[in-house]
Amino acid sequence: MELEAIPGVGAKTAASLRELDDPVATVESGDVAAIARAPGVNEARAARIARGAIRRRHGDDGRVLATDRARELYREAIDLLRERTVTDYAAKRLETFYPSASASRIAEAQSFAAAATARDPDPAVREALADCAPLSDPPTVRVRDRCLATADAETLARAEAEVPELSVETVEDARDVSELGRSYASVIVLDESFAGLDVEGDVSVRPDALETPAETVPERLLAFFAENRERLEAAAAVHEAAAAAGDPVSGGDPVSGGDPVSGDEPDGGDSGSGGDPPVDLDRLRDALSRLDDDGTIAGDAELDRLTAAVDDLDAAVSTAASVADDRLREAIRERDVTIEGTDFLSLVEQGARVDSLLDRELADEYDAAVDAAREHLADALRLEPEEAELAERVFGGDPSFPVDHDESAVSRLRTELSAARDRRAAKLKADLASDLGDLRQPVEELVRDALELDVELAVARFARDFDCTLPEVVEPAGDDDGGEAPPAGFRIEGGRSPLLDVDFPDVEPVDYGVSGATLLSGVNSGGKTSTLDLVALVVVLAQMGMPVPAESATVERFEEIHYYAKSQGTLDAGAFEATLRDFGDLVDGADGRLVLVDELESITEPGASAKIIAGILEALDDQDATAVFVSHLAREIRAAADFEVAVDGIEAAGLVDGELRVNRSPKKGHLARSTPELIVEKLADDRGGEFYGDLLEKF
């Protein structure tokens with residue numbers, strides 16, 4: 001697949017995506033977190049790219065949401081789902097679900113939703129998800145004690161690109177390699193031609209070094225795990241909490257919850273692993289415990305000893321010298337030393353040096369003081385016997401007071417300790433990188449599965465909060481291969497809108513179904529607009545593949561959804577003309593549309609409105625479109641139309657204490673009475689008289 005072929009992906013974005021390890025597979029997976037690892041691509045952009053890839057995979061090029069109000073309903077639906085997420089990732093990932101005209105995409109999304117609604121949104125799992133986040137790539141680690149070497153310009157360029165952590169040096173012969181061996185603690189030669197090279201230092205010839213980055217630069221892998229320690233621990237906690245709740249996380253395709261090609265079970269189904277996480281959590285935690293936050297090795301006593309010895313060497317030498325000085329000072333205080341005149345004169349002539357005096361009078365005490373300094377140095381640095389032998393050379397030589405030390409011996413000791421430390425660290429890094437190398441891919445799955453669980457739980461909570469069910473999405477009438485055409489339009493039973501400004505349990509259920517062009521009549525404030533919103537919401541959610549807030553629902557797979565909200569007052573001539581153009585384009589469009597219109601008559605005079613609406617309904621009827629027009633001009637429209645327009649009504653039972661009592665479910669084939677008619681009827685009943693009776697007859 002060409003990345004530029006994905007809707008919304010241009011050359012610049014494609015170039016960023018190609019920085020991913022496997023850009024095509026990553027984009028097609030729909031994994032928003034993985035896509036967002038591309039340079040300059042945030043999670044919101046990644047969600048749009050994933051959505052574009054899904055559209056391309058399903059050949060889904062249509063625009064289902066054809067009007068502003070339809071798009072608003074979609075945003076409200078997405079917001080209801082997003083409000084039930086815990087992680088930012090899940091909120092972005094839900095953006096990959098959109099109203100589709102593709103049967104395969106709807107089925108794929110419904111497969112995901114079916115598995116999701118079977119989940120139990122356990123509070124402990126949601127609490128564990130609070131710390132979960134996508135993995136991130138750490139900054140490039142610079143390793144200065146190791147280098148790569150090559151005589152080939154092409155290999156040099158490749159090494160610089162693939163291993164930016166290390167310096168890459170050019171060499172021509174063994175002499176150049178030998179010089180590098182004196183400058184770096186470790187040298188890796190990439191050319192086969194240098195095989196059998198015998199030079200001083202830690203020099204190895206490894207032509208495969210670029211193919212084995214975990215061995216060549218283990219710091220890269222260690223930095224990744226150190227950077228993501230908290231995310232990995234959080235993901236592990238999610239898996240454990242889910243398992244404890246009896247609803248274990250199991251892997252699946254992040255787009256659909258299953259394999260869209262093979263039809264494997266979706267997330268939440270039997271993955272064949274018993275719901276076990278993709279990595280042994282105890283093994284992961286053990287590996288992380290051996291790693292410090294900065295990517296260095298932690299918890300190794302020998303490395304800690306060597307590191308402390310190098311760091312504390314100068315201070316320990318100074319303290320050891322003080323120990324020797326104190327011993328000598330005390331010995332001098334306790335001794336009476338006699339100096340002959342010639343000796344005194346000799347000391348004066350030598351600049352008052354006391355070396356010979358110490359050598360002659362306090363030789364044993366000086367030796368004891370030096371031994372004390374050596375012992376203190378070895379104990380303070382916790383030196384091993386062979387290291388202690390080097391430490392002995394730090395103190396000794398000609399007697400002096402204060403006791404002096406040999407700086408070259410200190411330097412030699414520092415070099416040996418540093419080399420031992422680096423060798424130990426390199427071995428531990430290599431060992432740990434070897435252990436973690438096997439976990440690199442599994443931990444990606446560990447975190448992805450935990451984040452995807454949040455997406456599933458958001459859908460599960462949405463379904464539970466609003467008593468949802470998965471709808472049946474049927475093919476448009478006449479689209480089957482011969483047999484009896486399935487019913488077109490929509491049918492909703494027990495539908496309740498979560499968009500109303502009342503508590504959801506208090507929302508009255510609505511039963512409504514339409515096939516063809518229909519007028520919806522009813523009293524003011526009787527719920528006509530709310531009914532349109534419910535229909536639009538159910539259809540939008542159904543074509544997203546999501547559960548809908550109803551006891552049951554059957555929805556035609558519409559190519560387009562047109563929802564026109566109520567106009568705020570009569571339009572001027574220019575705006576009126578523009579509105580007519582919109583409807584002209586609508587009736588000239590393709591088949592397979594749902595058209596919802598709220599009181600179109602408000603755009604101009606009632607008489608003209610009735611004729612215009614009648615003409616629009618005639619055109620929609622010719623196309624077998626499903627349409628619901630809310631109008632108070634049902635009689636006039638029906639009279640102006642050249643076909644028998646279906647009229648449904650939201651019937652008011654009457655006025656009780658000045659308030660309407662309404663049957664919210666539209667009554668099929670019924671022209672509902674208006675509010676003025678109900679008021680006149682009430683007055684006629686309450687007060688009687690010819691006036692009110694005559695008014696009532698006019699209705």
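For the structure, check the block above.
Below, the structure is looked at part by part. Treat the numbers as computed from the prediction; the structure is a model and nothing was measured.

Cut-offs and rules
Residues numbered from 1 in each chain as written. Predicted model: local features only at pLDDT ≥ 70, side-chain atom pairs only at ≥ 80, totals over all residues. Heavy atoms only, no water. Pairing = 2+ DSSP bridges. Helix = DSSP H or I, 4+ residues; strand = E, 2+ residues; numbered from the N terminus. Axes fitted to C-alpha atoms, helices over the stretch in contact; angles between N-to-C directions. Contact = heavy atoms within 4.5 Å. 1 Å grid on protein atoms, 1.4 Å probe; cavity = no way out; pocket = protein on both sides within 12 Å on 5 of 7 lines; lining within 4 Å. Points joined across faces, edges and corners; volume = space filled by probe spheres on them. Nonpolar A, V, L, I, M, F, W, Y, C, P; charged D, E, K, R; others polar. Core = buried A, V, L, I, M, F, W, Y, C linked by side-chain atoms within 4.5 Å. Buried < 20%, exposed > 50% of the residue type's maximum accessible area, 1.4 Å probe, protein only.

**A word on the sheet that holds strand S1 (residues 146–150)**
Step number 1: Strand order in the open sheet formed by 4 strands is S2-S1-S3-S4, with parallel pairing between adjacent strands. One side of each edge strand has no neighbouring strand; the edge strands of this open sheet are strand S2 (167–170) and strand S4 (203–205). In this sheet, adjacent strand axes meet at a mean angle of 25° when their direction is disregarded.
Step number 2: Sheet analysis places S1 next to S2, joined by 4 bridges and oriented parallel. Paired with Thr-150 across the strands is Thr-170, a residue of S2.
Step number 3: Running at roughly 150° to strand S3 (residues 186–189), helix H10 (residues 174–183) makes contact with S1, S2, S3 and S4 of the sheet.

**Digging into the layout of surface pockets**
Step number 1: The computed volume of the largest pocket comes to approximately 1500 Å³.
Step number 2: Every residue lining the largest pocket is counted, 44 residues in all, and those nearest its centre are Asp-21, Arg-37, Asp-137, Arg-440 and Glu-444.
Step number 3: Of all the secondary structure elements, the ones that give two or more residues to the lining of the largest pocket are helix H2 (23–29), helix H3 (32–35), helix H9 (153–162), helix H11 (213–216), helix H12 (218–227) and helix H21 (440–465).
Step number 4: Top element by residues in the lining of the largest pocket is H21. It accounts for 7 residues.
Step number 5: Residues of the lining of the largest pocket, tallied by class, amount to 23 nonpolar, 6 polar and 15 charged.

**Structural notes on the nonpolar core**
Step number 1: Counting residues in each nonpolar core, the largest one holds 118 residues, and the members touching the most others are Leu-17, Phe-225, Leu-284 and Met-544.
Step number 2: For this core, the element with the most residues is H21, which contributes 12 residues.
Step number 3: In this view, Phe-225 contacts Leu-232, Leu-284, Leu-288, Leu-291, Leu-436, Leu-439, Arg-440 and Val-443; residues no more than four positions away in its chain are not counted.
Step number 4: In this structure, Leu-306, Leu-390, Phe-395 and Val-410 belong to the second largest nonpolar core, which totals 29 residues.

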